[in-house]
Amino acid sequence: MAATPADASSSSSEAVVGGEKSNKMITLISSDGESFEATEEAAKMSVTIKHMIEDGCADDGIPLPNVPAKILSMVIEYCNKHAADADDTNKHVADPADADEDDDNNNNNASAGEKEDLKSFDASLVAVDQATLFDIILAANFLSIKGLLDLACQKVADDIKDKSVEEVREIFKIENDFTKEEEEAVRKENAWAFNE
Amino acid sequence: APDPIDDPAPDPPPAMDAALPAAVVATILSRLDVRSLLLASAVCRCLRSCASHALSFLPAFHLDEEVLTHDLLRPLLPRNPALRSLRLDAARLDDAAVDCLARPGLHELTLRNCNGISGRLLRELSATCPDLRVLSLNSLADRRGLAMAFSDLKALLDGCSSLETLSLALDFSKFDDPSFSHVWSSASQGLSSLEMGFIPLQMLLALLAVAIESRQRIGYVKAPVFFPSLQKLRLTVEFITDDLIGSISTALPLLTHLDLQDSPIMEPESATATDLTDAGLQQINPKGKLKHLSLIRSQEFIYTSFRHVNDLGILLMSEKCSNLESICLGGFSRVTDTGFRAIIHSCPGLHKLKVTNGSHLTDLVFHDIVATSLCLTHVSLRWCTLLTDVGIERLSFNKDLNVLDLKDCKSLGDEAVRALSCLPRLRKLVLDGTVITNQAMEYLGAGVCPLASLSLRGCYKLTNDCIPLLLAGSVKESLHALDLSRIPSLTDDAIMVIVRARTPLTELRLRENPEIGDASVKALASMQFEGVTCGSTLQLLDLYDCGGITLLAMKWFKKPLFPRLRWLGLKGSLNRIMVDALVLTRPFLRLACGGEELGTPYRDTSGEWCRHEDDDSEDLEPWQLDGEPVSDAETTNEE
């Protein structure tokens, strides 16, 4: 999403027609003052923002003092992609008239291809340096975007998996603050796990 | 320290424990496998407390490779209302652990080796886990003196009314009771998959008779309903007979997976009531819904086969089996190419084909396999001694082949392997007992197969030179499991080549090789790898009856060498004191001194790939019809 200068009147307020997608745009303001626009649907993937919209606090743009611009743009990209996917799934479900087997197969193939696209999008989103990954996690945590939080946490977990203790310290720059006795005790408690 | 006048150095990346709130770190850790979680707890104080917290909301606790005692397990399984799935090896557990295992909120419980646990587990599960969906236990209460009775089964079926998958790989004759048949009407209506380890034929027929009778009374008020949702059935009986097939087909017409095995202790007579005939085969799959069929006559006790089934039966059966995706036929010794071809040509969706003891199966079966649109991924043709390289060449037109087992196809040689080396998806290849030479290894080494598992047991024509040929290409990177047992000319030099190639092997079997000795052990112990782990990656090493192994080798098994070793096979005649001392220092090493096969057979209880790995009774080589004695039989089921 391109950044636009902060504009108090940027949000259009079309009335939501029953059953149709709302075209209302929400403005989100990063910690460094940049404004980003997102559809209401995408923005509501964040439970935090959803509540703010429902409480009527969203009309002048939502300030997000915890989220820097770089991260906010990635988060919005995620929400746009996944909101669109959720919508497509609903569309497929909503067409039960497609009793024809061929059609069903086509639908399945189409959504299988879309799922692959989504998977590779997700993978590339979290293939970033550690600092950025942590920032994404913090943002997803603050904004309560479950899918993004799960995705980013899983990436960190994958980086920890099957590594030795020293390797984990090295990769995540963690200082060993155990005393010698404490560390021995921890290792002894579950000796079977420590390559012994 | 950076000079403040110059550009300031970029901020160092933040330490994880400082950057993220503890709750988030705990969430991250809860996504790890148990072992990685415990390793993380030794990183720093923050991670230790986060790991401890994570243990109280882990959704799944799966520990397949280790066998823990109750004392070790208890602190890892605190009160955790979020735990839905528990999978363990229970070999060191007894009834004291039942409270730990039967916990509220559990949806899935899989326990291997429950020999030390009694039927009390079933009663506890019924009381504590009403939402249980999947239960898989084997060898429950096998140990002498442990009680298990029909009342335990009844409690389980009454209490766990959400069960979808029930797998009790144990002897159901322990549950014999006048009410055995009727209790199944109170089982979960959603039960879709049922496995019974062994059930006496009469007990099973009685149950099916009650189920059939009840179906005929549907519509009457209060008629009991039996197995309304059952789709998958897997069990072993003494004899598979026409009556049994007929009863199953009538009682359970909607089955999609049927897996039957028998192990006769005497020759069945020819009457319909006592054996499977063509007429019985014709009754299988009445509504054509079967996707997976497995019929195996095991030779666990005597050398026998389905003598009363011939091509006609297979032909009639295959007419209804157009939906079959997977078929296993073991012991159909009278079926010829006509029958096997009928299957291949009648089942366009077939992916998995397994034939054991196909003594009349020849190359003709695969002659025009190209003309079909078959997409075989798993093929096992054991003891098909008439199969030659030509047949394999034809078979290898199936470019999707993933797993190929050609054990004891004694007419296969190098040309077959040349054809196979072009298969871009072949991960597992078994060539035990074939007459291949080093040339075959050259083909594999130069080929494109991403081989992860290769078994060459008993390929007596191979020599040391085969190893560098095999490891010349990409196989070197992909290979994890290698079986070089019973290759008489293999020496320590071959093992040196493996070590120098740094192949990341996790399993290596060198059973009964007279020239393998201490030098091999020393070399394997010194294997170094950069990156992930230091030291040997070997988890399983089988040196049973290797001629050159002496007591001196023992020192190479001491810690920290072989850090990942969990299975070790040695000849029992080595000094017991030293061997026992080794076991004491390495409590998690499982030692086999009596020649047992190593490794936990992976039980694929989904029934998809039928009884492939754990059916050790098939490893008993049959006495050949022409009286030729075979080499020492491998020991039976190590469970």
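Residues numbered from 1 in each chain as written. Chains lettered and ligands numbered in written order. Predicted model: local features only at pLDDT ≥ 70, side-chain atom pairs only at ≥ 80, totals over all residues. Heavy atoms only, no water.

Undergrad: Please clarify how unusual backbone geometry should be interpreted in this entry.
TA: Leave glycine aside and you will find that most residues have negative phi; peptide bonds, for their part, are mostly trans. A positive phi angle is found at S144(A), which is not glycine, with a value near 55°. Structurally, S144(A) can be placed in the loop between α5 (130-143) and α6 (146-160). Here A141(B), not a glycine, exhibits a phi torsion of approximately 55°, which is positive. Tracing the backbone shows A141(B) in the loop between β4 (134-138) and α8 (150-159). On the basis of relative accessible area, A141(B) is assigned to the buried category, the value being 2%. (Helix = DSSP H or I, 4+ residues; strand = E, 2+ residues; numbered from the N terminus. Buried < 20%, exposed > 50% of the residue type's maximum accessible area, 1.4 Å probe, protein only.)

Undergrad: Could you clarify how one ought to interpret the packing of aromatic side chains in this entry?
TA: The geometry of an aromatic ring pair is captured by two quantities: the separation of the ring centres and the angle between the planes. All names here are of chain B. The full count for this structure, using the stated rule, is eight aromatic pairs over all chains. Here F172 and F180 contribute two aromatic rings whose centre-to-centre distance is 6.4 Å and whose plane-to-plane angle is 80°, an arrangement assigned as edge-to-face. Plain terms: the ring middles of F306 and F332 are 4.5 Å apart, the flat faces sit at 35° to each other, and that makes the pair tilted. One end of the pair, F306, is in the loop between β9 (292-297) and α13 (311-318); the other, F332, is in the loop between β10 (326-330) and α14 (337-346), and 26 residues separate them in sequence. F332 shares its class with F306; the two are buried. A network of ring pairs unites the aromatic residues F172, F175, F180, W184, F226 and F227 as a single cluster. (Phe/Tyr/Trp six-rings, centres within 6.5 Å; stacked < 30°, edge-to-face > 60°.)

Undergrad: How should I be thinking about the pairing of strand β7 (residues 232-237) of chain B in this particular structure?
TA: Residues in a regular strand project their side chains so that they alternate between the two faces of the sheet. Residues and elements named next belong to chain B. Across the six residues that make up β7, a large majority, five, are buried. With five bridges connecting them, strand β6 (residues 193-198) and β7 associate as parallel partners. Looking across to β7, one finds that S193 is bridged to K232. Where β7 meets strand β8 (residues 257-262), six bridges bridge the pair, whose relative direction is parallel. Residue pairing in the sheet places V237 in a bridge with D262 of β8. Traced from β7 through helix α11 (residues 242-251) to β8, the parallel crossover comes out right-handed. (Pairing = 2+ DSSP bridges. Right-handed = clockwise from strand over helix to strand, strands pointing away.)

Undergrad: I tried to follow the packing of α13(B) against α14(B) on my own but got confused; where do I start?
TA: Helix-helix packing is described using two parameters, namely the angle between the two axes and the distance between the axes. Residues and elements named next belong to chain B. Where α13 contacts α14, the two axes come as close as 8 Å, and the packing angle between them is 10°. Relative to α14, the element α13 is oriented roughly parallel. Of the residues in α14, those in contact with D311, I314, L315 and S318 of α13 are T338, G339, A342, I343 and S346. Tallied by class, the residues present in the contact of α13 with α14 amount to four nonpolar, four polar and one charged. (Axes fitted to C-alpha atoms, helices over the stretch in contact; angles between N-to-C directions. Parallel < 35°, antiparallel > 145°, perpendicular 65-115°, else oblique. Contact = heavy atoms within 4.5 Å. Nonpolar A, V, L, I, M, F, W, Y, C, P; charged D, E, K, R; others polar.)

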